[in-house]
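# Summary of the model geometry
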Amino acid sequence: MDLLQLLTTAALTLATSLGGGAKPPDAPPPTVQGRLELREAQQRSAMLEQKKRRREFERLCSLPLLSPEKLQDCRALYREM
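Our subject in this report is the structure included herewith. All values derive from a computational prediction rather than experimental measurement. (Residues numbered from 1 in each chain as written. Predicted model: local features only at pLDDT ≥ 70, side-chain atom pairs only at ≥ 80, totals over all residues. Heavy atoms only, no water.)

## So, the state of the cysteines
When the sulfur atoms of two cysteines share a covalent bond, that bond is a disulfide. Using the criterion set out here, one finds 1 disulfide in the structure. Note on cysteine connectivity: C61 is disulfide-linked to C74, with sulfurs 1.9 Å apart. One disulfide, between C61 and C74, carries an S-S torsion of -105° and so falls in the left-handed class. With C61 in helix 2 (residues 32-61) and C74 in helix 3 (residues 68-80), the pair connects residues that are 13 residues apart, well separated along the chain. (Disulfide = S-S within 2.5 Å. Helix = DSSP H or I, 4+ residues; strand = E, 2+ residues; numbered from the N terminus.)

And the structure:
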């Protein structure tokens, strides 16, 4: 029993010294400025996506006469905008 305890203690000591039991440092919490920049980046991304969808809609659906299939596609594109 003593040998088993000794081996277990040695294994735990070795694992801890090699960094197996070390806890990584936590990342610092985001600052107000960081959250603001993240939110602005998300808004810019959403705005660019909206412009892209609008241009695609205008390009595909600005024709005077559309077939029923293309008209359905245009309606689907409009709903996505």
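## Observations concerning the packing of aromatic side chains
All told, the structure shown has 1 aromatic pair when counted by the stated rule. Both rings, one in F57 and one in Y78, keep their centres 5.7 Å apart while their planes meet at 50°; by these two values the pair is tilted. In this pair, F57 is assigned in helix 2 and Y78 in helix 3, connecting sequence segments 21 residues apart. By relative accessible area, which is 54% here, Y78 ends up exposed. (Phe/Tyr/Trp six-rings, centres within 6.5 Å; stacked < 30°, edge-to-face > 60°. Buried < 20%, exposed > 50% of the residue type's maximum accessible area, 1.4 Å probe, protein only.)

## Things to note about the pattern of salt bridges
All told, the structure shown has 1 salt bridge when counted by the stated rule. Between R53 and E49 there is a salt bridge; the shortest N-O distance is 3.4 Å. Residue R53 and its partner E49 are both found in helix 2; the two are separated by 4 residues, about one turn of the helix. Given the relative accessible area of 30%, R53 is considered partly exposed. (Salt bridge = Lys/Arg side-chain N within 4 Å of Asp/Glu carboxyl O.)

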